[in-house]
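# Per-entry structural report
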Amino acid sequence: MKEEDASPLRNAYKVRSFQNAIKAIAQLDHDLASGADALKLNGIGSSIAFRIDLFLEGKEYDPAKHDVALERRKHAVANLRKLPGLGATTARQLYEAGCTSLAQLREPRFFEMLLPHQRINFLYAEHLEKPLTRAEAESIVAFIHEHISSKFEIIITDAYRRDSPTLPHLSLLLLHPAHIHIPLPAPTAHTRPRSLLRGNARNPFHTAYQRRPVRLASRLLQDVVRPLEDAGLLAAALGASPARWAGVAVRPGAGGRWKEVGERLRDVRARRGGYCRLELSMAPWGARGAALLALTGDVDFWRMMRDKAAGLDMHLNEYGLWRWQAKPRDGSAPHTPVAAEPASEVQAKARAPAYECDYDFDDAEWAGYGNGYGGASAGASGGASKGKGKGTGKGKGKDVEKDKARGKEAEDAQEENGYWELVESESEERIFDALGMEYVPPERRNFVFLRDKPPKKAIA
DNA sequence: TAGACGGCGCATAATG
DNA sequence: CATTATGCG
DNA sequence: GTCTA
């Protein structure tokens, strides 16, 4: 009877209902005698009970008889949703406008319904589906090295670092000795453990809202993305923020050959040649280890690491491993800098701002940061903007609705109760160590590792 | 019988 | 320009 | 689709 139920996928809640029903039946230690028998189970209602009867009597359930139109719509929507970034809502709108397949998105009336990133994903769809070879990845990195300052260090992360022979896309970590500010986690990071088993796709190096000029002034955008655009490597952007850029890049020709700039720019304009997805992440110089961890392990492994940290009452993000230090009641900050190991000069500079918790929390920089990990301090507090509070003022507070107001109050209280202390961020090895784990080499940071060697396993 | 059915952070659009 | 709403995963 | 208020 599972086969009976396995197919439908139109209404998310309906699908879940079927899943629940299947689970309920699977947990039984005996066979079902009838639909009425099944009806007693939690998760099985009249409709599924009826279909169980049909099944037991050997009759077929014929969906076509029930609803041809629905079936057709289901297929169309499922097809449309294959495009990354195109979800249920857009798919439905497209279908209602008469679009029944991905191919039809070519038609202007449908194409215009797409958001910018959806358009790019569509236009480059065949290219982006094609994995890269390691040689292609290396060739692109060499190209980038030739077109940006030699002070940048570039590390290929993700699947490449895990020794995978092919890469779904190219993910690069960039480091620059002058890029050193390590932002603090949100004050509430430890009191709001994320759901560790599901949810957010990985999106490290996010920064809170910044004014346009500030955003565009980032070293990544100015000194990396800009020259690469000029060099004709980048064909389209899917998203750009101060420490992160994602988009479409040109692939090298056969044998890792690159054409001359002018020709490449013409190719890009005409969308000739091969393309791939490229992701650039800019990490603070002293946060190399944490950044590598965040960008190398697959999603499951990274989630496991963060879970591990949470279990030890710490907080792990792409900037480092943090421990919450409660402040004594009188408010005098316990001046206990970590510095477990001798820090290089740059490092010291990188860390310094992290411990000076003298932010003006009413400053606009802090307004609007989310509740989660990774966000918080917009890099703007690098040094200069620190002492002089007030930008546009007003920042947070205000008359938010009850719910949010409560949350904010809690946050304010948190801020006074302590601060985040950076335990380790420079070396992967030492982060593993601080978490009480054996070092796991990149090629083993994957789902198989988690399954074969359950570290602690929160998987309920 | 109507409404819930997971919750959250991000990017972008819409709105003030 | 800043905040809120929506789509997405 | 089912469950609950």
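### Describing the overall build of chain A
A tally of helices and strands in chain A yields 21 helices and 10 strands. Burial statistics for chain A: of 460 residues in total, 42% are counted as buried. Long-range contacts, defined here as pairs at least 24 residues apart, represent 68% of the contacts in chain A between residues at least 6 apart. Accessible area for chain A stands at about 24,500 Å²; split by element, carbon and sulfur atoms hold 52% of it.

### Points about the packing of helix H6 (residues 68-80) against helix H7 (residues 88-96)
Running from N to C, H6 and H7 point in directions that differ by 125°, and their axes come no closer than 9 Å. By the angle between their directions, the pair H6 and H7 is classed as oblique. Crossing of H6 over H7 shows right-handed handedness. Contacts between H6 and H7 involve Ala 69, Arg 72, Arg 73, Ala 76, Val 77 and Leu 80 from the former and Ala 91, Arg 92, Leu 94, Tyr 95 and Glu 96 from the latter. Looking at side-chain class alone, the contact of H6 with H7 contains seven nonpolar, no polar and four charged residues.

### So, the pattern of salt bridges
Per the stated rule, a full pass over the model turns up 16 salt bridges. Its salt-bridge partner being Glu 96, residue Arg 92 comes within 3.8 Å of it at the nearest N-O pair. With Arg 92 and Glu 96 both in helix H7, this residue pair falls four residues apart, about one helical turn. Each of Arg 161, Glu 428 and Arg 445 takes part in a single network of salt bridges with overlapping partners.

### Side note on the packing of aromatic side chains
Applying the stated criterion across every chain, the model contains four aromatic pairs. Positioned above the aromatic ring of Tyr 160 is the side chain of Arg 134, whose terminal nitrogen or guanidinium carbon lies 3.9 Å from the ring centre. It is Arg 288 that lies over the ring of Trp 285; its NZ or CZ is 5.0 Å from the centre.

### Describing the protein's contact with DNA strand D
In the neighbourhood of DNA strand D, the contacting residues comprise Tyr 13, Lys 14, Ser 17, Leu 41, Asn 42, Gly 43, Ile 44, Gly 45, Ser 46, Ser 47 and Ile 48. Between DNA strand D and the protein, one listed contact pairs a phosphate oxygen with a side-chain N or O atom of Asn 42 at 3.3 Å. With respect to DNA strand D, the backbone of Gly 45 contributes an N or O atom lying 2.9 Å from a phosphate oxygen. Put simply, the parts of the chain that give the surface near DNA strand D at least two residues each are helix H2 (12-26) and helix H4 (46-56). A class-by-class count of the residues in the surface near DNA strand D yields four nonpolar, six polar and one charged.

Thresholds applied
- Residues numbered from 1 in each chain as written.
- Chains lettered and ligands numbered in written order.
- Predicted model: local features only at pLDDT ≥ 70, side-chain atom pairs only at ≥ 80, totals over all residues.
- Heavy atoms only, no water.
- Helix = DSSP H or I, 4+ residues; strand = E, 2+ residues; numbered from the N terminus.
- Buried < 20%, exposed > 50% of the residue type's maximum accessible area, 1.4 Å probe, protein only.
- Contact = heavy atoms within 4.5 Å.
- Areas by Shrake-Rupley, 256 points an atom, 1.4 Å probe, with all protein chains shown as cover.
- Axes fitted to C-alpha atoms, helices over the stretch in contact; angles between N-to-C directions.
- Parallel < 35°, antiparallel > 145°, perpendicular 65-115°, else oblique.
- Left-handed = near helix turned anticlockwise from the far one by under 90°.
- Nonpolar A, V, L, I, M, F, W, Y, C, P; charged D, E, K, R; others polar.
- Salt bridge = Lys/Arg side-chain N within 4 Å of Asp/Glu carboxyl O.
- Phe/Tyr/Trp six-rings, centres within 6.5 Å; stacked < 30°, edge-to-face > 60°.
- Lys NZ or Arg CZ within 6 Å of the ring centre and 35° of its normal.
- Near = heavy atom within 4 Å.
- Polar contact = N/O pair within 3.5 Å; in protein donor to acceptor, adjacent residues only side chain to side chain.

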